[in-house]
Amino acid sequence: MLIRFSIENWMSFQAKATFSLIASRERQHGERIPKIGKLKLGVLPVAAVYGGNASGKTNLFKALHFAKGLIVKGTQPYSLIAVDSFRLGNAQKIDQPVHFEFELLINETIYAFSFSVNRKNILEEKLVHISGNSEKTLYHRVSGEPNFDSSLKSNQSLLFAFKGTRDNQLFLTNSVSQKIDAFKPVYEWFKDTLELIAPDSRFELFEQFLDEGHPLYTTMNKMLSQLDTGISHLGGEEILFENLPLPEPIKMKLREELAENTTVRLLAEPMNERFVVTRKNGELISKKLVTYHLNSDGSETKFDMRQESDGSQRVIDLLPAFLELSAAQSKKVYVIDEADRSLHTLLIRRLLEDYLSKCSHNSRSQLLFTTHNVLLMDQDLLRRDEMWIAERNAHGVSSLLSFSEYKDVRYDKDIRKSYLQGRLGGIPHILLQSSHIEGSD
């Protein structure tokens with residue numbers, strides 16, 4: 001789980017901004033708050049971030065995307081790091097480093113991982129193990145030294161890996177690439193647990209709809225028919241690999257590089273068709289994602305995905321994520337930018353309600369999302385500490401604030417009314433007058 005995340009000098013976040021998922025003392029919906037063992041810590045299973053256009057919501061999402069990419073994919077030798085620092089302040093500060101801090105719950109252990117980076121170098125990197133009231137710094141990379149904890153100083157493999165870590169590379173990333181397991185749980189959290197879905201993401205997990213043996217296959221198709229999409233179920237239509245509408249260089253790469261029992265997802269533009277290609281027994285097997293609709297006589301008609309509405313396609317985008325979050329023993333953390341894009345309010349609310357109904361003290365999954373949908377700003381659905389505001393001031397600087405930090409936001413208050421009246425911030429500052437829109441004599 002993500003316990004806390006801080007950024008500084010990233011895009012519109014000039015000053016340090018902290019996004020905390022630690023539950024406050026309020027009792028509302030307390031039965032669904034995960035409890036972290038001996039630490040007596042409650043961690044929120046959900047958080048919604050509101051705010052006007054250009055308030056910083058998406059910049060928060062992009063920060064997580066950047067951090068995951070830097071950790072998991074790493075960098076190439078001599079390449080620049082794609083940092084995007086705050087650019088509206090003093091010109092001398094534009095090249096100041098970007099700073100990231102994470103507190104993560106991984107297998108009931110808390111780690112704090114942080115790094116400072118500019119376009120050329122990793123300037124500082126630190127990994128801390130937190131247990132109860134004690135903290136142990138596993139390593140602190142600064143001034144060219146690893147500063148290992150005493151329990152790690154004699155580990156020659158770690159010393160060798162550190163010496164081989166480039167200036168533009170995280171030591172965490174390089175240690176895992178060198179097959180050192182000491183810090184692997186943190187790396188794997190970013191690689192396998194943290195999932196990011198952008199507004200234009202398409203069918204990130206759609207191959208689950210093609211596999212009848214997948215544990216969620218039946219549930220996904222059942223819910224799909226219940227969400228008023230008109231789709232009875234999805235499936236895969238086999239198609240000859242040679243007939244895939246893909247450029248020949250891509251086909252050649254698949255023939256040469258796709259490993260046995262490996263599956264890849266493919267998008268065919270501009271028709272917006274989705275395919276999976278799997279190598280089995282040396283052969284390339286390809287399938288196309290298609291939808292089925294019921295006719296009045298009970299028979300089915302097949303449609304291509306491009307024939308479905310944006311709303312139906314968005315449901316297909318998100319449904320596997322919500323069901324995976326709700327699965328027993330799930331530890332996934334999904335971050336969805338503009339979760340309600342192209343979705344009816346009642347539909348996204350149904351998905352949220354279904355997920356939250358499965359949350360308990362023993363849950364370890366998490367859903368974080370940005371939205372403009374004020375009808376979800378309901379204390380019957382979300383706690384005050386689960387609702388956040390991203391606000392941008394006159395100098396272009398973004399900040400984050402939880403509703404629980406407002407003294408006048410009581411548990412029985414109509415938050416939507418206060419928000420839309422501008423009392424809580426996070427709404428656009430519209431300067432255009434109605435007369436300019438309507439025209440004048």
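Check the entry above for the structure.
Report follows, based on the coordinates. For every chain, the first residue of the written sequence is number 1, and numbering continues from 1 along that sequence. Side-chain atom pairs in this predicted model are given and counted only at pLDDT of 80 or more, local residue features only at pLDDT of at least 70, and totals for whole chains, interfaces and linings cover all residues. Note that water and hydrogens are dropped before the side-chain values are worked out from all heavy atoms of the structure.

A few words on the pairing of strand 14 (residues 283-294). Here, strands pair whenever DSSP counts at least two bridges between them. Think of it this way: any DSSP run of H or I at least four residues long counts as a helix, any run of E at least two long counts as a strand, and we number them from the N terminus. Pairing analysis gives 7 bridges linking strand 11 (residues 233-239) to strand 14, with the strands arranged antiparallel. Bridging from a neighbouring strand, Glu237 pairs with Lys288 of strand 14. Looking at chain direction, strand 13 (residues 273-280) and strand 14 are connected through 6 bridges and run antiparallel. Pairing of Arg279 across the sheet is with Leu284, part of strand 14. Here strand 13 folds back onto strand 14, and the loop between the two strands holds 2 residues, one of which, Asn281, carries a positive phi near 55°. The hairpin formed by strand 14 and strand 15 (residues 300-304) contains 5 residues between the paired strands, and Gly298 there has a positive phi angle of roughly 90°.

The 6 strands lie next to each other as 2-1-6-7-8-9, forming an open sheet whose pairing is antiparallel. Both edges of this open sheet fall to strand 2 (17-20) and strand 9 (134-142), since each of them pairs with a single strand only. Strand after strand, the sheet turns through a mean of 10° between neighbouring axes, direction not considered. Inspection of the sheet shows strand 7 (residues 109-117) paired to strand 8 (residues 122-131) by 8 bridges, in the antiparallel sense. Residue pairing in the sheet places Phe113 in a bridge with Leu127 of strand 8. Think of each axis as a best-fit line through the C-alpha atoms, taken over the contacting stretch in the case of a helix, with angles from 0 to 180 degrees between the N-to-C directions.

Attention shifts here to the nonpolar core. Note on terminology: a nonpolar core comprises buried Ala, Val, Leu, Ile, Met, Phe, Trp, Tyr and Cys residues joined through side-chain atoms within 4.5 Å. Buried means the residue's accessible area, taken with a 1.4 Å probe over protein chains only, is under 20% of the maximum for its type, while exposed means over 50%, and partly exposed covers the values in between. Counting 70 residues, the largest nonpolar core has Phe100, Phe102, Phe113 and Phe115 as its most contacted members. At 8 residues, helix 1 (residues 57-72) tops the list of elements feeding residues into this core. In contact with Phe102, not counting residues within four places along its chain, are Leu2, Arg4, Phe5, Leu64, Ala67, Tyr111, Ala112, Phe113, Phe115 and Phe190. In this structure, Leu227, Leu323, Leu356 and Phe369 belong to the second largest nonpolar core, which totals 45 residues. The contact rule is simple, with two residues in contact once any of their heavy atoms fall within 4.5 Å.

Once that is clear, we can look at the pattern of salt bridges. The term salt bridge refers to a pairing of a side-chain nitrogen on Lys or Arg with a carboxyl oxygen on Asp or Glu at a separation within 4 Å. Counting across every chain of the model gives 22 salt bridges. Glu237 is the salt-bridge partner of Lys302, the closest N and O atoms lying 2.3 Å from each other. Highlighted residues: Lys302 in strand 15 and Glu237 in strand 11, separated in sequence by 65 residues. Arg314 is the salt-bridge partner of Asp317, the closest N and O atoms lying 3.7 Å from each other. Placement of both Asp317 and Arg314 in helix 7 (residues 310-326) is noted, with a separation of 3 residues, approximately one turn of the helix. On the basis of relative accessible area, Arg314 is assigned to the buried category, the value being 0%. A cluster of three or more residues bridged by salt bridges with shared partners is formed by Glu237, Glu273, Lys288, Lys302, Asp304 and Arg306.

In this section: the sheet that holds strand 19 (residues 398-402). Strand order in the open sheet formed by 6 strands is 10-16-17-5-18-19, with mixed pairing between adjacent strands. Since the sheet does not close on itself, it has two edges, and those belong to strand 10 (194-197) and strand 19, each with one partner. Across the sheet, the axes of successive neighbouring strands diverge by a mean angle of 15°, strand direction being ignored. Of the pairings in the sheet, the one linking strand 10 to strand 16 (residues 333-336) comprises 4 bridges and is parallel in character. Counterpart to Glu195 in the pairing with strand 16 is Tyr334. Contacting strand 10 and strand 16, helix 4 (residues 184-193) runs over the sheet at an angle of about 35° to strand 10. Across the face of the sheet, helix 8 (residues 345-357) comes into contact with strand 5 (46-50) and strand 17 (366-370) while running at roughly 155° to strand 17.

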